[in-house]
Amino acid sequence: MPELPEVETVRRILSNQLNGLTIEGIDIYYERMIHEDIKAFTSTLIGQTIHRIDRKGKYLIFILDTHALIIHLRMEGKFYIKKQDDLSKHEHIVFHLNHGLELRYHDTRKFGTMHLRSLDDYLMTYPLNRCAEEPFSIDKASFYEKIKRKNVAIKSILLDQTIMSGLGNIYVDETLFDAKIHPERKGLTITKDESNQLIESAKKVLSAAVEMGGTTIRSYTASLGVTGLFQLKLNVHTKVGELCPRCGSIIKKIRVGGRGTYVCESCQK
DNA sequence: CCCGTGCCCTGGCGGC
DNA sequence: TGCCGCCAGGGCACGG
């Protein structure tokens, strides 16, 4: 489940491999992930060059000649860069590039999405207009103003990409652990100091993970594919029954907003 | 507007 | 061994 750090790692790898290449053809084997008219999608993209790959929150943004191709990997989306090869089971979109390269989108659960927008307004239109700032750039005061009147669990608030973008189920647990805040606390009980701490913890957790992805980048090559998932150094997530690395209590698994949630109820208040 | 629920989809796992 | 049911989850549609 790629969150901001994994998407950033994918972005860096794809940038190195794809910048300057031109889309010569597209094969689409699963149309539902393309949230556009299929013919218009194909005809618009063919002939365009990939100038740059950006990211906002968990979205990848291919900057082309006239359009932005906006991709969300959801849980299991991956890209592979290959020379001609047999199609494997879960490859749903194949972009044929020059120099005989193929960019293949692979997604076992088919949850990923692609949108195509004009460069003039891609940040102001759906879906990116719904994607809030990341913890690195978010305005602290307006973040606090939003959460302090919400009567929902702080974990659910932190997962809401229209409030702050970048955290998913793994790093939200790690962020709340770092901030020593219980995931079930209602937004309206969070103080200004705690709100600021959550932003700091999110930055700390995400940037450490980006750095780990960065150190692993070198071992990934086009022939191995780009999975975007790396060994993570986790404190609580998936650690049910183990000892809290901070206080030694047993880590519990609970459900918050329908999501599996790992928490140290001794040091997260 | 606010909040909770169910849906999309498939592989993997536990139970029998 | 095989089958069945359930779970995982990001974001959105929908309903109260």
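Please read all numbers here as calculations on a predicted model, not as lab measurements. (Residues numbered from 1 in each chain as written. Chains lettered and ligands numbered in written order. Predicted model: local features only at pLDDT ≥ 70, side-chain atom pairs only at ≥ 80, totals over all residues. Heavy atoms only, no water.)

Caption draft 1: Broad picture of the sheet that holds strand S3 (residues 59-63). Read from one edge of the open sheet, four strands run S2-S3-S4-S8, paired in antiparallel fashion. Of all strands in the sheet, those with a lone pairing partner are strand S2 (52-56) and strand S8 (113-118), marking the two edges. Adjacent strand axes in the sheet meet at a mean angle of 25°, parallel and antiparallel pairs treated alike. Relative to S3, S2 runs antiparallel, the two sharing five bridges. The partner of Lys-56 across the bridge, within S3, is Tyr-59. Sitting on the sheet, helix H1 (residues 4-18) touches S2 and S3, and the angle it makes with S2 is about 175°. Running over the sheet, helix H2 (residues 38-45) touches strand S4 (67-72) and S8 and is turned about 60° from S8. (Pairing = 2+ DSSP bridges. Helix = DSSP H or I, 4+ residues; strand = E, 2+ residues; numbered from the N terminus. Axes fitted to C-alpha atoms, helices over the stretch in contact; angles between N-to-C directions. Contact = heavy atoms within 4.5 Å.)

Caption draft 2: Quick look at the environment of Gln-197. Its place among the elements puts Gln-197 in helix H6 (residues 192-216). Residue classification places Gln-197 among the partly exposed residues on the basis of a relative accessible area of 33%. Along the backbone, Gln-197 and Glu-133 are 64 residues apart, and their C-alpha atoms lie at a distance of 17 Å. Those residues in contact with Gln-197 that lie beyond four places of it in its chain are Asp-178 and Ala-179. (Buried < 20%, exposed > 50% of the residue type's maximum accessible area, 1.4 Å probe, protein only.)

Caption draft 3: Expanded view of the protein's contact with DNA strand C. In the region of DNA strand C, 15 residues are neighbours, and His-72, Arg-74, Arg-109, Gln-161 and Asn-169 sit closest. Backbone sugar and phosphate groups make up 64% of those atoms of DNA strand C lying within 4 Å of the protein. Within the side chain of His-72, an N or O atom sits 2.6 Å from a phosphate oxygen of DNA strand C. One of the side-chain N or O atoms of Arg-259 is found 3.1 Å from a base nitrogen in DNA strand C. Listed by contribution, the elements that provide at least two residues to the surface near DNA strand C are strand S9 (252-256) and strand S10 (259-263). In terms of residue class, the surface near DNA strand C is built from four nonpolar, four polar and seven charged. (Near = heavy atom within 4 Å. Polar contact = N/O pair within 3.5 Å; in protein donor to acceptor, adjacent residues only side chain to side chain. Nonpolar A, V, L, I, M, F, W, Y, C, P; charged D, E, K, R; others polar.)

Caption draft 4: The packing of aromatic side chains, seen in detail. Under the counting rule described, the total for this entry stands at two aromatic pairs. Of the aromatic side chains, those joined through ring pairs into one cluster are Phe-62, Phe-79 and Tyr-105. Sitting over the ring of Tyr-80, Lys-82 keeps its end group 5.6 Å from the ring centre. (Phe/Tyr/Trp six-rings, centres within 6.5 Å; stacked < 30°, edge-to-face > 60°. Lys NZ or Arg CZ within 6 Å of the ring centre and 35° of its normal.)

Caption draft 5: Representation of the protein's contact with DNA strand B within the structure. As a matter of local geometry, DNA strand B sits amid Tyr-30, Arg-32, Lys-89, His-90, Thr-108, Arg-109, Lys-110, Phe-111, Lys-150, Asn-151 and Val-152. The sugar-phosphate backbone supplies 71% of the atoms of DNA strand B found within 4 Å of the protein. Tyr-30 is positioned such that a nitrogen or oxygen atom in its side chain is 3.1 Å from a phosphate oxygen of DNA strand B. A distance of 3.4 Å separates a phosphate oxygen of DNA strand B from a polar side-chain atom of Lys-150. In terms of residue class, the surface near DNA strand B is built from three nonpolar, three polar and five charged.

Caption draft 6: Summary view of the side chain of Thr-42. Structurally, Thr-42 can be placed in helix H2. The contact partners of Thr-42, leaving out residues within four places of it in the chain, are Ile-26 and Ile-28.

Caption draft 7: Fine view of the domain arrangement of chain A. According to the domain assignment, chain A contains domain 1 (4-130) and domain 2 (140-263). Placing a centre on the C-alpha atoms of domain 1 and another on those of domain 2 gives a separation of 27 Å. (Domains from an automatic or database assignment.)

Caption draft 8: Highlighting H2. Buried residues of H2: Phe-41, Thr-42 and Leu-45, and no others. The arc that holds every buried residue of H2, seen down its axis, measures 90°, which confines them to one face. For H2, the exposed residues set more than 90 degrees away from the buried face come down to Lys-39 and Ser-43. Where H2 is buried, its residues meet strand S1 (23-28), S4, strand S6 (91-97) and S8. Backbone geometry just downstream of H2 places Gly-47 in the positive-phi region, at approximately 95°. (Arc of directions from axis to C-beta.)

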